[in-house]
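# Inside the fold
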Amino acid sequence: MQFTAGQIAALINGRVEGNASSVVDSFGKIEEATPSQLCFLSNPKYEDYLYTTKAAIIIVNESQELKQPVQPTLIRVIDAYTAFATLLHKYQQMATQQLSGIEQPSFIHASAVLGSNVYLGAFAYISEQCTIGNNVKIFPGVYIGTNVTLGENTILMPGVKIYADCIIGKNVTIHSGTVVGGDGFGFAPQPDGTYQKIPQIGNVIIEDFVEIGSNSTIDRATVGSTIIKAGAKLDNLIQIAHNAEIGNNTVIAAQSGVSGSTKIGNNVLIGGQAGIVGHIQIADGTKINAQSGVSKSVKTPNTVITGSPAFDYTSALRSQAVSRNLPELEKRVAELEKLVQQLLQEKLV
Amino acid sequence: MQFTAGQIAALINGRVEGNASSVVDSFGKIEEATPSQLCFLSNPKYEDYLYTTKAAIIIVNESQELKQPVQPTLIRVIDAYTAFATLLHKYQQMATQQLSGIEQPSFIHASAVLGSNVYLGAFAYISEQCTIGNNVKIFPGVYIGTNVTLGENTILMPGVKIYADCIIGKNVTIHSGTVVGGDGFGFAPQPDGTYQKIPQIGNVIIEDFVEIGSNSTIDRATVGSTIIKAGAKLDNLIQIAHNAEIGNNTVIAAQSGVSGSTKIGNNVLIGGQAGIVGHIQIADGTKINAQSGVSKSVKTPNTVITGSPAFDYTSALRSQAVSRNLPELEKRVAELEKLVQQLLQEKLV
Amino acid sequence: MQFTAGQIAALINGRVEGNASSVVDSFGKIEEATPSQLCFLSNPKYEDYLYTTKAAIIIVNESQELKQPVQPTLIRVIDAYTAFATLLHKYQQMATQQLSGIEQPSFIHASAVLGSNVYLGAFAYISEQCTIGNNVKIFPGVYIGTNVTLGENTILMPGVKIYADCIIGKNVTIHSGTVVGGDGFGFAPQPDGTYQKIPQIGNVIIEDFVEIGSNSTIDRATVGSTIIKAGAKLDNLIQIAHNAEIGNNTVIAAQSGVSGSTKIGNNVLIGGQAGIVGHIQIADGTKINAQSGVSKSVKTPNTVITGSPAFDYTSALRSQAVSRNLPELEKRVAELEKLVQQLLQEKLV
């Protein structure tokens, strides 16, 4: 898609300074831009690039002063960074909304109900009794099991798999390869040492405005639902086990895992590669550092924890500091032992 | 599928109390059930739900006494929990067995041999010289490489990929996105700092009754076989490297990794996010805690280990306890140093 | 494919001893080989297998002496192990080069440009404006987004997904299920506790001779590029976040993660399940042990680090040793306290 400086200024309430019919077709960094790109300058530290950039259009702050004439068309706004981000959003929404229609070959069961302006990529598969909301975009190779509901504006990137009976809200984005609704990991030990599978007949509910990264796995509940609440953001390669609940606006970084039946509160932040055991509660606003291993419930909101097993951040840091000096501490104890022995010897004399 | 109380009682050797023609079409929790659902009551603590539930049919223990009349039809059995689990199993087997036929478009090489009652979903791909057993269910988007064998009753969920020459046993279930037989990670360093790939010409053997979760990766052997033995259960996002062996009925929780050529014994339990180095042996019945890092062979059966590097559970717990009190210990040493200095000073006087 | 001893000897500059028309169709281990297999003997320790193996052809060192007549045809070379590896390479290249043609159904946008001798498996999807080099092999179910470039001889195994605008070099191999170019994980916190997505408009560049394992995730940059430099080798289930850079010939083992904007130098070795925080630099030749958590830049080349948080390997080992003896150290301190109290008491007397 191509846009003129005038069109862009209209989208972000900006004021054009220079040629309003300059045309761009993509976004770039000011220091590397090509002549068909749009950039922004927010940090005055980088002002010099204004005079050397090859970009056709630059979004700058109203307050930006110029030491010399500039080549590109400027669009002046109150806050260049925010205006640029807003523009990107609008651009991506437009690009996504343009996607429409059913590519062939694809597989849609006769009983599935599709809303308006749906995109279905080739090799996508929709099972019986599915309900697909308006403006849903289903990329190539996606699999949707029986009786799944997808809310409007939801986007499933290539190769996402949704097992039967799961419910996905509105404005959800799920990235490639993520599996929603796989069987929870439940096996009952038998007297002969083998394991008997415990059927997993629950589902997964993903509420509105959730985003999930690539190749993550969200298991269905044994009975009832595994729930990812509205606004939660999950990164790549994350494991959410059966019957877990992830609170509103909770953010989980890549490669972390939440075990079965654990309830994570709202606005929790979980670093990468952290693990949380099953059947515990994590209070709202808890911060869990990367690689932590959380083995107990966190009851006080806004607690910061770290380590494996995880405990209070400040005392963990102190322990770590001493821990690194352990060989030194050991030497001090040995020295003390020698001195005390001397004192004891001398006393005997 | 719909079932009457009479049909269900026959399946689980139960006795109907109430209307034998009550009909259900799904399973629920007693406290949340809708009027077309079947539930069970096992724990007497929840008896009160018997009198308030909306469920049509409830499986209860023979021993369950009633304080007042109940609305739903009861099915009395010796052990309600086990009967419910058995029923779920039978139900899921029936549902799976009903799946049959070759959906279009799919890709089957002319040289592939398919057993009876096979289901092949759309966009599934079967390469040359494959042998697919009776009652195998291959969901949409599965890829099966050249010369792969699948034993009877095996289920491959959507998007599973099996590389060439792998052998999958009977009654195996593999969940979405899991990759079986990808190249082992072997590269020989060259004098110029680059790496030369070591061809990986072995395969993966997965024995009977194995279940593997979603998005796991089981690499093929360099030469010979990577083996997952009968009855082993692997969760999601697990890495099994080339030439590893996983013993019978061994259970591995999510996000754990087993490095190359390591042999894990039978009935081992491995917690989530654990890592095991290459070329070691883990004795039968070993328990490895979550997030452990196992760097040495475990030779004594039924050992419990924890930590990274992992060692004996009891002493690890003791070390952890002292470890948390390290700043305190450091203070005690400093105090001792002061006192001993005093004593030494005084002695000099 | 079948080969005679004569053909094989020509490929590896060997000398046939025995029947030059012996035929093999696969590779095996000398101790387990079937009569249609080729093996090698490099380690004299295993010489006895020469006289008992069922293999048809064996590659041996020129220097190998025979104590008795052998059944198989021998091919003598200077270094049997290297010759065998070379042969495997050539065999796999031949097998891959034979793959050619466009299987149906597949999806190729009219604007995509395909080189010569390309293989495109069924259910693969190529979006608009893609450029596919000569000899590229795209297996079934691969998804390639808009404006992607694939260099010659590159191989994408089944179910790989490449998002829009990514650039993949020559001689790259990517294994099944790996996702290249998924959105970086960037969300700006809002005053009401929700998060606003930061559009990720950069791409991923994968340079020549890179190999990536199965089910890994390489996120696109926010702006600019996430870069995997030439010759890097990544294992399975690895996370590379937005704007990260992985240096030439750097090797990363399974389940490790590199956070956003971190730059890893050349010829770095990263063990399995390691994590590296964002916005740091790791010097060339650094060795990071398995399960390490790297929280600070490593500035000195060839440093070895371990632990979480990671620090210098030697002092980490020393701390670990003391750490295991912590309960013992605590006892020694308690004993000292008792003795010093005694001394103080006696002094008072």
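Computed from a prediction, not measured in an experiment: that's the story for all the values here.

So, how was this worked out
- Residues numbered from 1 in each chain as written.
- Chains lettered and ligands numbered in written order.
- Predicted model: local features only at pLDDT ≥ 70, side-chain atom pairs only at ≥ 80, totals over all residues.
- Heavy atoms only, no water.
- Least-squares fit on C-alpha atoms with pLDDT ≥ 70 in both.
- Salt bridge = Lys/Arg side-chain N within 4 Å of Asp/Glu carboxyl O.
- Helix = DSSP H or I, 4+ residues; strand = E, 2+ residues; numbered from the N terminus.
- Buried < 20%, exposed > 50% of the residue type's maximum accessible area, 1.4 Å probe, protein only.
- UniProt positions renumbered as here; feature names shortened; annotations may be inferred.
- Contact = heavy atoms within 4.5 Å.
- Buried area = accessible area lost by both parts, 1.4 Å probe.
- Polar contact = N/O pair within 3.5 Å; in protein donor to acceptor, adjacent residues only side chain to side chain.

Moving on, we come to the relation of the copies chain A and chain C. Rotating chain A by 120° about the axis while translating it 0.0 Å along that axis superimposes it on chain C, leaving an RMSD of 0.1 Å. Taken together, the turn and the small shift mark the pair as related by a three-fold rotation axis.

Turning our eyes to something else, we now look at the pattern of salt bridges. As enumerated under the stated definition, the model contains 39 salt bridges over all chains in all. In this structure, Glu330(C) engages Arg332(B) in a salt bridge whose closest nitrogen and oxygen atoms are separated by 3.0 Å. Of the two residues, Glu330(C) sits in helix 4 (residues 326-348) while Arg332(B) sits in helix 4 (residues 326-348), which places them in two different chains. The residue Glu62(C) makes a salt bridge to Arg15(C) at a minimum N-O spacing of 3.1 Å. Placement of the pair is Glu62(C) in the loop between strand 6 (57-61) and strand 7 (73-77) and Arg15(C) in strand 2 (residues 15-17), with a sequence separation of 47 residues. The exposure class of Glu62(C) is partly exposed, given its relative accessible area of 37%. Each of the salt bridges in this network shares a partner with another, and the network as a whole consists of Arg15(A), Glu17(A), Glu62(A) and Arg76(A).

To continue, consider the UniProt feature "coiled-coil region" (unreviewed entry) in chain A. Sites flagged by UniProt as "coiled-coil region" (unreviewed entry) map to residues 319-346 of chain A. For residues 319-346 of chain A, the helix share is 96%, the strand share is 0%, and the end-to-end C-alpha distance is 37 Å.

The next subject is the interface of chain A and chain C. Each side of the interface is counted separately: chain A has 57 residues, and chain C has 59 residues. Both faces considered, chain A and chain C share a buried interface measuring about 4,500 Å² in area, 64% of it formed by carbon and sulfur atoms. Taken together, chain A and chain C are joined by three salt bridges. Glu211(A) is the partner of Lys197(C) in a salt bridge, and the nearest nitrogen-oxygen pair spans 2.7 Å. At the surface where chain A touches chain C, the tally comes to 24 residue pairs in polar contact (both at pLDDT 80 or more). Of all elements in the fold, only helix 3 (80-98), strand 28 (233-234), strand 31 (251-252), helix 4 (313-324) and helix 5 (326-348) of chain A reach the threshold of two or more residues within the side of chain A that touches chain C. Here the element with the most residues in the side of chain A that touches chain C is helix 5 of chain A; it accounts for 13 residues.

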